[in-house]
Amino acid sequence: MPHEDALAIEVVIHNFRVRKVLVDDSSKVNLLSYMAFQQMKILEEQLVRDQAPVKSIGGTPVAVEGKVKVAITLGEPPLSQTHYIVFLMVKLPLSYNTILGRSMLYDFEVVTSIQYLTMKFPIEAGVGIIRGRQEEARAVYLAAMEEQCTQLKEINPEVMEVRDEKKEAMTETCGQA
C-alpha cells in the first residue's frame, strides 16, 4: 500500500517488549521516554545524570534527565541480535516510547527501507528482519495531528482575528484525517 509512514517497530529493551518505537535515522541520539523508563523498572541508580540539552526538530533545547545503558534486542530468536545501547532519558510527552537514532543503527549495522517499512541487520545465521508496524505509525500520527488541532482551538480568538479567513479552512483540515 503506498504510504509515507514513519518506521515504527517493536523491540525488546531491558527484557521488556516495547511497542511504538520510532526508527529515526536523522536523529543523533537514542531517546527513552520517562514513562517507558518507569514501566521498565530501570533503577534510578543506573541513570547517569546529564543536564546537557539536546536540540529538538525545531532547534529548541530539550532538557535531558540523564543517560542509561540498557540491552536492546532486535528481531525474534533465532534471527535476533542484542547490544547494549545508551539512551538519553527525557521527561517529555513523546508520541513514541523510544526513538532509535543513528548510533543504534550503526551499532547493529542496520539498513532501513521506509518504502518497505523494514529493517535488516546482519546476524551469525544470515540476516535479521524487522517489519514496521504501519497501523501503529498511522495511529500515532493521527493522535498527534488531533492534539495539534485541539491546541489550535484553544488559541485566544483575539490573537486569531487577523487570520479569520483561514480559520475555517484550518478547522476543516483538522477535523478531517
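What you see is a predicted model; the values in this text were computed from it and never measured. Within each chain, residues carry numbers counting from 1 in the order of the written sequence. Only residues with pLDDT of at least 70 are given local features in this predicted model, and only at 80 or more are side-chain atom pairs given and counted; all residues enter the totals for whole chains, interfaces and linings. For side-chain calculations, the full set of non-hydrogen atoms in the structure is used, while hydrogens and water are omitted.

Here we take up the pairing of strand S2 (residues 16-23). Across 6 bridges, strand S1 (residues 7-13) lies against S2 in antiparallel orientation. The partner of valine 11 across the bridge, within S2, is valine 18. For two strands to count as paired, DSSP must find a minimum of two bridges between them. Only DSSP runs of H or I covering at least 4 residues are called helices, and only runs of E covering at least 2 are called strands; the numbering of each starts at the N terminus. In this sheet, strand S9 (residues 98-100) lies alongside S2 in parallel orientation, the contact comprising 3 bridges. What sits directly across from valine 23, in S9, is leucine 100.

A few words now on the sheet that holds strand S10 (residues 111-113). The sheet built from 3 strands is open, its strands ordered S10-S11-S12 with antiparallel pairing. Strand pairing shows two members of the sheet lacking a second neighbour, S10 and strand S12 (126-131), which therefore form its edges. When the angles between neighbouring strand axes are averaged without regard to direction, this sheet yields 20°. Pairing of S10 with strand S11 (residues 118-123), which is carried by 3 bridges, proceeds in the antiparallel orientation. Directly across from valine 111, in S11, lies its bridge partner lysine 120. For helices, the axis comes from a line fit to the C-alpha atoms of the stretch in contact; other axes are also lines fit to C-alpha atoms, and the angle between any two N-to-C directions lies between 0 and 180 degrees.

Attention now goes to the confidence of the model for the protein chain. Residue-level confidence of the predictor is summarised by pLDDT, bounded by 0 at the bottom and 100 at the top. For the protein chain, the average pLDDT comes to 82, and 81% of its residues sit at 70 or higher. By the convention used here, residues are in contact when the closest approach between their heavy atoms is within 4.5 Å. For the stretch residues 155-177, pLDDT sits under 50, and the model shows 5 contacts to residues farther than four places along the chain or on other chains.

A pairing counts as a salt bridge when a side-chain nitrogen of Lys or Arg comes within 4 Å of a carboxyl oxygen of Asp or Glu. All told, the structure shown has 8 salt bridges when counted by the stated rule. Residues arginine 19 and glutamate 10 are paired through a salt bridge, measuring 3.9 Å at the closest nitrogen-oxygen approach. The closest approach of N and O atoms between arginine 19 and glutamate 136, which form a salt bridge, is 2.7 Å. Of the two residues, arginine 19 sits in strand S2 while glutamate 136 sits in helix H3 (residues 134-153), which places them 117 residues apart along the sequence. Here the term buried applies to any residue with accessible area under 20% of the maximum for its type, exposed to any over 50%, and partly exposed to those in between, with areas from a 1.4 Å probe on protein chains only. Owing to a relative accessible area of 44%, arginine 19 belongs among the partly exposed residues under this scheme.

Before going further, it helps to spend a moment on the side chain of asparagine 97. Here asparagine 97 lies in the loop between strand S8 (81-90) and S9. Those residues in contact with asparagine 97, other than ones at most four positions away along the chain, are Val18, Arg19, Lys20, Leu32, Ser33, Met35 and Ala36.

Here we take up the environment of proline 61. Relative to the helices and strands, proline 61 is located in strand S6 (residues 61-62). Those residues in contact with proline 61 that lie beyond four places of it in its chain are Pro53, Val54 and Lys55.

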